[in-house]
Amino acid sequence: MASLTTPLLPGENATSKKILSFWDGVALTLGIQIGSGIFVSPALVARNTGSEPASLVVWVVAGLLAWACAACYAEMGTRIPVNGGPQEYVAYCFGDFFGFLTSWGCIFGVKPCSAAILALFIADYVCDAADIGYKLPVALAVIALVTAVNCIGNRLSNVSTKILLACKIISVGFVIVAGFAVLLFPRISPPPLDDPPTNARLGSGNYTDALVAAMWACSGWEVLGFVGGDLKNPSRNFPRVMNTSMTIVIVLTLFANIAYFSALGFDGVARSTTVGLTFSEHFLGRAGSILYAVAICLSSLGTLNAKTFAAGRLTQAAAERGYLPLMMKTVATKAKDDDEDEELMELPGSQSPFGFLRRPVSVGDGSIPLSAIIFNSMISTAFVVAGDISSLISFMGIIEYSVVFLTLMGLLWLRLKPTPSAEEDGGQLIIKVHFILIPIALFTVASIVGISTVRHWHAGVGFVICCVTSGLVYRLFVRKVGVTQ
């Protein structure tokens, strides 16, 4: 079995070369955080709160809760400065079994759900802009396109990411500038929609659903946990990156929602399934809104591309640790006769009818985790077919915040039972959040998971089935493979 302190990403540990500066960390975090969520969640939040003030309060609470969790993750990152994120933290604190559950939760739940949500979101905008009704085929085509881009090579993926980041900045910037222009100069905009209240406004007012949707729009703060081993001077830069990123995100989400309400009114936001398209059509007309929808879709493709890139490497790393079959690992073709690969090829059972599952795939120079990317796309495709944006956000929220809960429990355990590794990081004292912040965040996250599980019982049942299945897989297969490796 792998050591509990073995980093999930092999070959990188607390002594690995630090390559990410403060601004690199901020750019990386904002690149994930700022994106399609600002065009998806406002309508979901509005439908579940019933008024503009309540919606804005939920956005502030979501931002502060995400900030609190980010601060706790920052401390964990300096206490355990290795790549791998939550699964490394949980494995270190509670053992390899819980690290395995966390890893599987991310690979089979959080990552593919997030990809499916983005694909469905892009399909909504494409179909509404083109006035067609083939949303499911479009969403599946989006998954296939991004998978192909990541399979072709890192260079194309990196270039496309930079281009799509520019579209993201333009699309979000337009919302804020246009919205505040309406506040300052009301005559430049047609009056907001003034229809009678709809069922959306008179809905259940479930603030938990609204909070989950708003926090999904703020998600991405945990991304540095996956590259904590590469951040220069993590004791100093982790909190700086988190605080800077969260401040920007909270301000931008508030400004964007104020802009939406000022131009469309509450009912216009609550009724819309493509609020960005509705907002742009309000100012630019039909033709201009189509161009803006293209920018939004390209922005979301950039986010989906980045998530696919990260998910593929996370899946391959899990295979290297023994959490998944070795078929999820891609090695260089020319290296398949090397000693290491010979040893992998001789694993017990590798010559059985299902032995291919226990052998890595040999493709090119091995730099692209081809099998992992294709595997992730298959799971994402299943979620696209099975769910819609709202239900997928609920299901993903249960899994994701269960992982956050375990991570925060790990931090509480380290605080109450200090270990030698928690005293220093490269000769510098680790950062420490205020202790009271940990139980507050724990209670809030636990409440979100509990209420969401009861309210969306079908998602809760699926979550329980996933946990039981994962536990059985670990006990029957993974533990033995880990010992062998």
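Since we're looking at a predicted model, the values are computed, not measured.

**Student:** Go over the overall build of the protein chain, please, and point to the residues and values.
**Tutor:** Scanning the protein chain for helices and strands turns up 15 helices and four strands. Out of the 485 residues belonging to the protein chain, those deemed buried represent 55%. Entry remark: accessible area of the protein chain is about 20400 Å², with carbon and sulfur atoms responsible for 68%.

**Student:** Outline helix 14 (residues 437-455), supporting the account with residue identities and numerical values.
**Tutor:** For helix 14, built from 19 residues, the straight-helix expectation of 27 Å at 1.5 Å per residue is met to within 8% by its first-to-last C-alpha distance of 27 Å. Listed in full, the buried residues belonging to helix 14 are Ile 438, Ala 441, Leu 442, Val 445, Ile 448, Val 449 and Ser 452. Buried residues of helix 14, seen end-on, are gathered within an arc of 130° and therefore sit on one face of the element. Of the exposed residues in helix 14, those oriented more than 90 degrees away from the buried face are Phe 443 and Val 454. If you follow the buried residues of helix 14, they end up packed against helix 3 (52-79), helix 8 (207-218) and helix 13 (389-416).

**Student:** Before we move on, can you summarise the pattern of salt bridges with the specific residues and values?
**Tutor:** All chains considered together, the criterion is met by six salt bridges. A salt bridge links Asp 124 to Lys 135, with the shortest nitrogen-to-oxygen separation between them at 3.3 Å. Of the two residues, Asp 124 sits in helix 5 (residues 96-130) while Lys 135 sits in helix 6 (residues 135-152), which places them 11 residues apart along the sequence. When salt bridges that share partners are traced, they join Glu 75, Arg 79 and Arg 415 into one network.

**Student:** Tell me about the packing of helix 3 against helix 14, and please be specific about residues and values.
**Tutor:** Axis separation between helix 3 and helix 14 bottoms out at 10 Å; the angle between their running directions is 120°. Taken together, the axis directions place helix 3 and helix 14 in an arrangement best described as oblique. For the element pair helix 3 and helix 14, the recorded crossing hand is left-handed. Residues Leu 65, Ala 68, Cys 69, Ala 71 and Cys 72 of helix 3 pack against Leu 437, Ile 438, Ala 441, Thr 444, Val 445 and Ile 448 of helix 14. Class assignment of the residues belonging to the contact of helix 3 with helix 14 gives a composition of 10 nonpolar, one polar and no charged.

**Student:** Let's hear about helix 8: which residues, and what values?
**Tutor:** Compared with the 16 Å implied by 1.5 Å per residue over 12 residues, the 16 Å span of helix 8 between its first and last C-alpha is a close match. Listed in full, the buried residues belonging to helix 8 are Thr 208, Asp 209, Ala 210, Leu 211, Val 212, Ala 213, Ala 214, Met 215, Trp 216, Ala 217 and Cys 218. Immediately downstream of helix 8, the backbone of Gly 220 shows phi near 120°, a positive value.

**Student:** Account for the nonpolar core, with residues named and values stated.
**Tutor:** Of all hydrophobic cores here, the largest spans 121 residues; its most connected members are Phe 39 and Tyr 125. With 18 residues, the single largest contributor to this core is helix 5. Here Tyr 125 is in contact with Phe 39, Thr 274, Val 275, Gly 276, Leu 277, Ala 293, Ile 296 and Cys 297, once residues within four sequence places are set aside.

**Student:** So what's going on with the confidence of the model for the protein chain? Which residues, and what values?
**Tutor:** The pLDDT averaged across the protein chain works out to 77; a share of 74% of its residues lies at or above 70. The weakest mean pLDDT in the protein chain belongs to strand 3 (residues 424-425) at 44; the strongest belongs to helix 12 (residues 370-386) at 91. Of the regions scoring below 50 in pLDDT, residues 339-347 engages in 16 contacts with residues more than four places distant in sequence or in other chains.

**Student:** Pulling in residues and values, what's your account of the packing of helix 3 against helix 4 (residues 86-94)?
**Tutor:** Helix 4 packs onto helix 3 with a crossing angle of 65° between their chain directions and a minimal axis gap of 11 Å. Judged by the inter-axis angle, helix 3 sits roughly perpendicular to helix 4. For the crossing formed where helix 3 meets helix 4, the hand is left-handed. Touching Tyr 73, Met 76 and Gly 77 of helix 3 are Pro 86, Tyr 89 and Cys 93, all from helix 4. Broken down by class, the residue content of the contact of helix 3 with helix 4 amounts to five nonpolar, one polar and no charged.

**Student:** Break down a nonpolar patch on the surface for me, citing the residues and quoting the values.
**Tutor:** A cluster of nonpolar side chains, contributed by Val 464, Val 468, Leu 472, Leu 476 and Phe 477, occupies part of the molecular surface with about 500 Å² of accessible area. Turning to its location among the elements, Leu 476 is positioned in helix 15 (residues 457-484). Since its relative accessible area comes to 52%, Leu 476 is described here as exposed.

**Student:** An account of the side chain of Gln 316 is needed here, citing residue identities and associated values.
**Tutor:** Along the chain, Gln 316 falls in helix 10 (residues 275-321). Taking the relative accessible area as the measure of exposure, Gln 316 reaches 14% and is therefore buried. Leave out the neighbours within four places in its chain, and Gln 316 touches Met 328, Lys 329, Thr 330, Pro 369 and Ala 372.

**Student:** Break down unusual backbone geometry for me, citing the residues and quoting the values.
**Tutor:** At Asp 131, a residue that is not glycine, the phi angle is positive and equals roughly 60°. Inspection of the secondary structure assignment puts Asp 131 in the loop between helix 5 and helix 6.

**Student:** Account for the packing of aromatic side chains, naming residues and giving values.
**Tutor:** Aromatic rings in a pair are described by how distant their centres are and how their planes are angled relative to each other. In total, this model carries 16 aromatic pairs according to the counting rule given. Ring centres of Phe 174 and Tyr 292 lie 4.9 Å apart, and the angle between their planes is 55°; on these two criteria the pair is classed as tilted. Placement of the pair is Phe 174 in helix 7 (residues 154-184) and Tyr 292 in helix 10, with a sequence separation of 118 residues. Look at Tyr 292 and you get buried, because its relative accessible area is 6%. A connected cluster of aromatic rings, assembled from ring pairs, spans Phe 94, Phe 97, Phe 98, Phe 100, Trp 104, Phe 108, Tyr 323, Phe 375 and Tyr 474. A cation sits over an aromatic face here: Arg 313 above Phe 309, 3.8 Å from the ring centre.

**Student:** Before we move on, can you summarise the environment of Lys 307 with the specific residues and values?
**Tutor:** Among the structural elements, Lys 307 can be located in helix 10. Those residues in contact with Lys 307, other than ones at most four positions away along the chain, are Ile 32, Ser 114 and Leu 118. For Lys 307, the side chain forms a polar contact with the side chain of Ser 114, separated by 3.5 Å.

Cut-offs applied
- Residues numbered from 1 in each chain as written.
- Predicted model: local features only at pLDDT ≥ 70, side-chain atom pairs only at ≥ 80, totals over all residues.
- Heavy atoms only, no water.
- Helix = DSSP H or I, 4+ residues; strand = E, 2+ residues; numbered from the N terminus.
- Buried < 20%, exposed > 50% of the residue type's maximum accessible area, 1.4 Å probe, protein only.
- Areas by Shrake-Rupley, 256 points an atom, 1.4 Å probe, with all protein chains shown as cover.
- Expected span 1.5 Å × (residues − 1).
- Arc of directions from axis to C-beta.
- Contact = heavy atoms within 4.5 Å.
- Salt bridge = Lys/Arg side-chain N within 4 Å of Asp/Glu carboxyl O.
- Axes fitted to C-alpha atoms, helices over the stretch in contact; angles between N-to-C directions.
- Parallel < 35°, antiparallel > 145°, perpendicular 65-115°, else oblique.
- Left-handed = near helix turned anticlockwise from the far one by under 90°.
- Nonpolar A, V, L, I, M, F, W, Y, C, P; charged D, E, K, R; others polar.
- Core = buried A, V, L, I, M, F, W, Y, C linked by side-chain atoms within 4.5 Å.
- pLDDT = per-residue confidence, 0-100.
- Patch = residues over 30% accessible without salt bridge, like charges linked within 9 Å, V, L, I, M, F, W, Y side chains within 5 Å.
- Phe/Tyr/Trp six-rings, centres within 6.5 Å; stacked < 30°, edge-to-face > 60°.
- Lys NZ or Arg CZ within 6 Å of the ring centre and 35° of its normal.
- Polar contact = N/O pair within 3.5 Å; in protein donor to acceptor, adjacent residues only side chain to side chain.

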